[in-house]
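Coordinate analysis (summary)
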Amino acid sequence: SLDQEAAIEKAKKHLMDACMEGSFKEGLIGESFKHVTASNKAGAAHMNALSREEWDLLFRGATARRLPRNGRAVVSNRKLDGLLVVVKGVLRAQVDVPGRPQALVVGRLSVGELLGTNAFILGSFPWAAVFVESDGAELVRLPARELFATFAEHPIIAGKFYCLLATSQADKLRIFNSQTS
């Protein structure tokens, strides 16, 4: 059986590590802050960093689940109702293309990555279906209702979290553009 608390703690750790050491941090103090002095860059990154207590608030109501190989994590064009964090495994995002015999794979997601960010930011439905590609996967769901309640109670957390999501999306776009040019 899946240990809910352990999975949720892993998800928090993955996101916190990504923010402090990975691409999120680079995005927060990267291109858009080139004109700012080094000390101001550090201050900007610190200002946007979420504390452990803030992460705990964002994870209120979080639940974990395990999916088998080829299990469906996200159904395209259906409400996702929150965000998913990959705790274990590899998932593939795919879209059905009319006239094409197989779905088109548009991306892969691994440990520490968020699913559903576009739908969450835009208030829309996911356009891709997401399936487990590895032998199995563990996901943690951050329910939209809880996230919005936290944002209403703590507007500063909302600003930091949306900055994190926007930076993450910008990093993905930057990587995509470098691979296709």
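To be clear, the structure that these remarks concern was listed above.
Residues numbered from 1 in each chain as written. Predicted model: local features only at pLDDT ≥ 70, side-chain atom pairs only at ≥ 80, totals over all residues. Heavy atoms only, no water.

Moving on, we get to the pairing of strand β4 (residues 91–95). Among the 5 residues that make up β4, 5 are buried, leaving the element largely enclosed by the rest of the structure. Because side chains alternate across β4, one face comprises the buried residues L91, A93 and V95, and the other comprises R92 and Q94, equally buried. Relative to strand β7 (residues 129–132), β4 runs antiparallel, the two sharing 4 bridges. Along β7, the bridge assignment pairs R92 with F131. (Buried < 20%, exposed > 50% of the residue type's maximum accessible area, 1.4 Å probe, protein only. Helix = DSSP H or I, 4+ residues; strand = E, 2+ residues; numbered from the N terminus. Pairing = 2+ DSSP bridges.)

Right, let's get into unusual backbone geometry. Of note in this structure, N77 is not a glycine but carries a positive phi near 60°. Among the structural elements, N77 can be located in the loop between β2 (72–74) and β3 (82–88). Note on N77: relative accessible area 56%, which makes it exposed. Look at D81: it is not a glycine, yet its phi comes out positive at around 60°. As for its placement among the helices and strands, D81 is situated in the loop between β2 and β3.

Once that is clear, we can look at the packing of aromatic side chains. For the coordinates displayed, the defined rule picks out 6 aromatic pairs. Note on F148 and F151: the rings are 6.1 Å apart at their centroids and 75° apart in plane angle, and the pair reads as edge-to-face. Of this pair, F148 and F151 both sit in helix α6 (residues 144–153), 3 residues apart, roughly one helical turn. The exposure class assigned to F148 is partly exposed, which follows from its relative accessible area of 41%. Connected via pairs of aromatic rings, a cluster forms that spans F120, F148, F151, F161 and Y162. (Phe/Tyr/Trp six-rings, centres within 6.5 Å; stacked < 30°, edge-to-face > 60°.)

What follows deals with the sheet that holds strand β8 (residues 136–143). Whether parallel or antiparallel, the strands of a sheet pair through hydrogen bonds between backbone atoms. Strand order in the open sheet formed by 4 strands is β1-β8-β3-β6, and the pairing between neighbours is antiparallel. The open sheet has two free edges, formed respectively by β1 (63–68) and β6 (114–115), since each of these has just one partner strand. Examined bridge by bridge, β3 and β8 share 6 bridges and lie antiparallel to one another. Residue V86 lies in a different strand from β8, and its bridge partner there is L139. On the sheet, α6 packs against β3 and β8 and is oriented at approximately 45° with respect to β8. (Contact = heavy atoms within 4.5 Å. Axes fitted to C-alpha atoms, helices over the stretch in contact; angles between N-to-C directions.)

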